[in-house]
Amino acid sequence: MPSTPYQRLPGRRWRVFTKDTLWLGEDHLLSVRSWYFTESYRRFYFRDIQAIAVQAMGTRGLTAFDWTAIGLVALLSGTLFYTRRPVWAVVLILCGATYALLRARRANCVSWIQTAVSTERLPSLGRLGNARKAMALIESKILDAQADIVSEAPEEASVLPPPLPAAGPPPLPVAEPLQMPPPVPALTPVATPPPLPGAAAPQKTIWHQLAFALTLVAGGVKLAATSTAFPLPGWALPPIYLAAALMGAAAFIFRQNAARTGMQKWASSASLVSSGTVAMFSEHYMQLAIRQATDKDAQRVLDRFAGNMVLERVAGIVLIGCAIWGFAVFRGEGDKR
Amino acid sequence: MAGVNEALRRCAECGNTVEVPEANAAVPCYDCGGEIRFLLFPALTRARRPAAAAMPAVGEAACYFHEQSVAAAACERCGRFLCGLCRIEWGSPVLCPACVGTAEKTTDLLTSTRTRYDNISLGLFALSIPMFVLSFLISPAAVAIGIVALRKPGSLVRRRKWRAWLGIALGLLGSLGWVWLIAYAVLKGKS
C-alpha cells in the first residue's frame, strides 16, 4: 500500500459541504479542499512563500449563528412550556449541547499566506493554537528552502567599482559606493498584475442552468395546477423535483461550485433546498403520509396541510423566484468573463 | 516593511490596517487591541529588490524567470507569470519550465483535483437505504464504482483504499440481498 508523501499539519476547517486541511510536502505546502466526492489542491512552494500572517479574531461578539441559536432555544423553550412534553426538553438539551460544542470550536483567527503571485487564505488554520503549531513546523523548512536567497543579498552589495590602484586618489568612504539607486517600487507590477489572457478559464455552468430550468418548470407547473384547471397527475411533480436536485448534485460532483461567488452559491442552495422541500411536502407524498398515519390528529393536520391552496401557490412562486434568481446571478457572472 | 499585501495587514477584528514589522513579530492593532503575528521570509526582500532599467513599466507584469521581459501568460499550475520564452504548452495547459521539470518525476505534482470514487461508492450505498426500492440498481453501481476506485488514483493525501473495499463489500451485500429476495419469492411462488 503506497504511503502518502505528505504530513498533515494541525487544524482543519469543516463547512457544510467542504473540509479544508493543510499538508506538508517535501518542498511545498498543500492546501486541500475536500468536497465529499472530489478534492482540489493548491500548492505553495517553500521557495515562493514571502509572508504568513495570523490575525487573531475576537469571539466575544454575537454572530448570526449565535442569534439563530438563541432564537431556536427560545422557540424550543416556549414549546416545552406550553406542551409540557419531555421530548422537547431532550431536543432543547441536544440543541444546547451542539451549540456549545460549535461555539467552543469556532475559528478565532484568520491565516493568510503570500507568495510572489498570489495571496490566499489558509482556512484550516482557524484556531490560534493550531496556527502556532503549524507555523513552528513550516518556518524552518521555508527558511531552508530560501537559504540561497539570503546569500544573494551580499552579491547585490558587492556590485561595487573595482578596487582602485594604490597610487590613485584616496579611497572613497565605504558608505559611498554602497548607496543603492533610489528604491523603485518593484513589487507594484507583481502585486497588481493586469489580467492575463487565458489565466482563468471560464467554468461550465450547464448543470446549474439545467437545475434552474427544472426548478422553473416545477414552479410553473405547480402554479398552473393551483391557479387554473390544469390537469396534473400527482406523480408528475416529484420526478421533476428529483431531477432538479440531481442536477444540483451533479454540479456539486463535477466541481462547478469551485469558483462561485457567494451569491451564486446561495442561489444554487436556495434552488436545491426549495425543490427538495416542496418535493417532500408535495400533494402526492402528503396523501401517502395521510394514508399511513395512524394518529387521527396527525391525519387531520396532514390533510389540512395537503389541501392548502395558498401554501401550494406560495411554493410555486418560491420555486420560480429561486430559478429566476439563479439564472440572473449566473448570467451576470458569464458577462463578467 | 513594504511589499506585504493589505489582506495580511488588515485586522480581522476591526478592519484597521497595521504596520508590518521589519522582522517576525506580533503587532497589536491600535484600534481594537487585536494581534497580528507576521512571519516574513527572504523571498519578500527578493521581490522588493531594485530592478534594472529595462524592467517592464509599472502596471505590467514581469516574467518570473526573466525580470526584464513582459509577462505573456501565467503558469496554470503554480501561477507564475511567464514571458514568451518560458511558456510551455503541456497538452492544453500552459506551464512554466519548473513545473514541467517537476512533472517528469511524478505526475502527481500536476494534479489539481481528484475525484473520490471511493466516497461515491459509499455514498451510493448510503443512498440505497432511503431509496430501498431502487437499491437493486444502486447496489451493483456501488460495486462497479468501488472497483473503479481501486483502479484509479485516489486522494493525493489519503492513499488507503479501505473506503473502496467497504463500498464494494456493502454493494455486494445489497446485491446479494436482492438475489436472495428474488429467489425466495420465486421458490415461495412455486411451492
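To keep things clear, this report deals only with the structure shown in the data block. (Residues numbered from 1 in each chain as written. Chains lettered and ligands numbered in written order. Predicted model: local features only at pLDDT ≥ 70, side-chain atom pairs only at ≥ 80, totals over all residues. Heavy atoms only, no water.)

**Some points on the overall build of chain B**
Link 1 in the chain: For chain B, the helix and strand inventory stands at six helices and seven strands.
Link 2 in the chain: Counting from the amino terminus, helix and strand elements in chain B follow one another as α-β-β-α-β-β-β-β-α-β-α-α-α.
Link 3 in the chain: Across the 191 residues of chain B, 39% fall into the buried class.
Link 4 in the chain: For chain B, restricting intrachain contacts to residue pairs at least 6 apart in sequence, the fraction spanning at least 24 positions comes to 29%. (Helix = DSSP H or I, 4+ residues; strand = E, 2+ residues; numbered from the N terminus. Buried < 20%, exposed > 50% of the residue type's maximum accessible area, 1.4 Å probe, protein only. Contact = heavy atoms within 4.5 Å.)

**Remarks on empty space enclosed by the protein**
Residues and elements named next belong to chain A.
Link 1 in the chain: Scanning the entire structure with this criterion turns up one cavity of 30 Å³ or more.
Link 2 in the chain: Taken as a whole, the largest cavity encloses approximately 70 Å³ of empty space.
Link 3 in the chain: The element best represented in the lining of the largest cavity is strand E4 (residues 38-45), accounting for four residues.
Link 4 in the chain: For the lining of the largest cavity, the residue count by class is four nonpolar, two polar and four charged. (1 Å grid on protein atoms, 1.4 Å probe; cavity = no way out; pocket = protein on both sides within 12 Å on 5 of 7 lines; lining within 4 Å. Points joined across faces, edges and corners; volume = space filled by probe spheres on them. Nonpolar A, V, L, I, M, F, W, Y, C, P; charged D, E, K, R; others polar.)

**Structural notes on the pattern of salt bridges**
Link 1 in the chain: Summed over the entire model, instances satisfying the criterion amount to nine salt bridges over all chains.
Link 2 in the chain: As a salt-bridge pair, A:Glu120 and A:Arg42 come within 3.3 Å of each other at their nearest N and O atoms. In this pair, A:Glu120 sits in strand E7 (residues 119-121) while A:Arg42 sits in strand E4, placing the two residues 78 residues apart along the sequence.
Link 3 in the chain: Ionic pairing is found between A:Arg106 and A:Asp66, a salt bridge with its closest N-O pair at 3.2 Å. You can see A:Arg106 sitting in the loop between helix H2 (86-104) and strand E6 (109-115) and its partner A:Asp66 sitting in helix H1 (residues 64-83), a full 40 residues away along the chain. Here A:Arg106 matches A:Asp66 in class, with each residue buried.
Link 4 in the chain: Because the salt bridges share partners, they merge into one network encompassing A:Glu39, B:Arg116, B:Asp118 and B:Arg158. (Salt bridge = Lys/Arg side-chain N within 4 Å of Asp/Glu carboxyl O.)

**A look at the sheet that holds E6(A)**
Link 1 in the chain: Here we have five strands laid out as an open sheet, ordered E7(A)-E6(A)-E5(A)-E2(B)-E1(B), and antiparallel in their pairing. Where the open sheet ends on each side, the last strands, each with one partner, are E7 of chain A together with strand E1 (25-28) of chain B. The sheet shows a mean angle of 20 degrees between the axes of neighbouring strands, direction not considered.
Link 2 in the chain: Set on the sheet, helix H3 (residues 128-145) of chain A makes contact with strand E5 (49-56) and E6 of chain A together with strand E2 (35-40) of chain B; between it and E5(A) the angle comes to about 165 degrees. (Pairing = 2+ DSSP bridges. Axes fitted to C-alpha atoms, helices over the stretch in contact; angles between N-to-C directions.)

**Topic: the interface of chain B and chain A**
Link 1 in the chain: Listed as interface residues are 58 residues of chain B and, on the opposing side, 59 residues of chain A.
Link 2 in the chain: Contact between chain B and chain A buries roughly 5400 Å² in total, counting both sides, with carbon and sulfur atoms accounting for 60%.
Link 3 in the chain: Between the two partners, chain B and chain A, sit three salt bridges.
Link 4 in the chain: Across the pair B:Arg158 and A:Glu39 runs a salt bridge whose closest N-O atoms are separated by 3.4 Å.
Link 5 in the chain: Seen at the junction of chain B and chain A, the total is 24 residue pairs in polar contact (both at pLDDT 80 or more).
Link 6 in the chain: In terms of residue class, the side of chain B that touches chain A is built from 29 nonpolar, 12 polar and 17 charged.
Link 7 in the chain: In this structure, E4(A) lies alongside strand E7 (residues 113-115) of chain B, joined through three bridges in antiparallel fashion. Paired with A:Glu39 across the strands is B:Arg114, a residue of E7(B). (Buried area = accessible area lost by both parts, 1.4 Å probe. Polar contact = N/O pair within 3.5 Å; in protein donor to acceptor, adjacent residues only side chain to side chain.)

**Re the packing of H1(A) against H2(A)**
Residues and elements named next belong to chain A.
Link 1 in the chain: H2 packs onto H1 with a crossing angle of 165 degrees between their chain directions and a minimal axis gap of 9 Å. Classed by the angle they form, the pair H1 and H2 counts as roughly antiparallel. Seen along the crossing, H1 lies across H2 with a hand that is left-handed. When H1 is examined against H2, the residues Phe65, Asp66, Ala69, Leu72, Val73, Leu76, Ser77, Thr79, Leu80 and Thr83 are found in contact with a partner set consisting of Trp88, Ala89, Val91, Leu92, Cys95, Tyr99, Leu102 and Arg103.
Link 2 in the chain: Across the contact of H1 with H2, the residue classes break down as 13 nonpolar, three polar and two charged. (Parallel < 35°, antiparallel > 145°, perpendicular 65-115°, else oblique. Left-handed = near helix turned anticlockwise from the far one by under 90°.)

**Quick word on a nonpolar patch on the surface**
All names here are of chain B.
Link 1 in the chain: Residues Phe132, Val133, Leu134, Phe136, Leu137, Trp180, Leu181 and Tyr184 make up a contiguous nonpolar surface patch of about 860 Å² in total accessible area.
Link 2 in the chain: Among the elements that line the nonpolar patch, the one with the most residues is helix H6 (residues 162-190), at three residues.
Link 3 in the chain: Mapping Tyr184 onto the fold places it in helix H6.
Link 4 in the chain: Tyr184 sits in the partly exposed class, given a relative accessible area of 44%. (Patch = residues over 30% accessible without salt bridge, like charges linked within 9 Å, V, L, I, M, F, W, Y side chains within 5 Å. Areas by Shrake-Rupley, 256 points an atom, 1.4 Å probe, with all protein chains shown as cover.)

**Some words on the sheet that holds strand E1 (residues 7-14) of chain A**
Link 1 in the chain: The five strands lie next to each other as E1(A)-E2(A)-E3(A)-E4(A)-E7(B), forming an open sheet whose pairing is antiparallel. Each of the sheet's edge strands pairs with one partner strand only, and the pair in question is E1 of chain A together with E7 of chain B. Direction aside, the axes of adjacent strands within the sheet are offset by 20 degrees on average.
Link 2 in the chain: Across the face of the sheet, H3(A) comes into contact with E1, strand E2 (19-24) and strand E3 (28-34) of chain A while running at roughly 145 degrees to E1(A).

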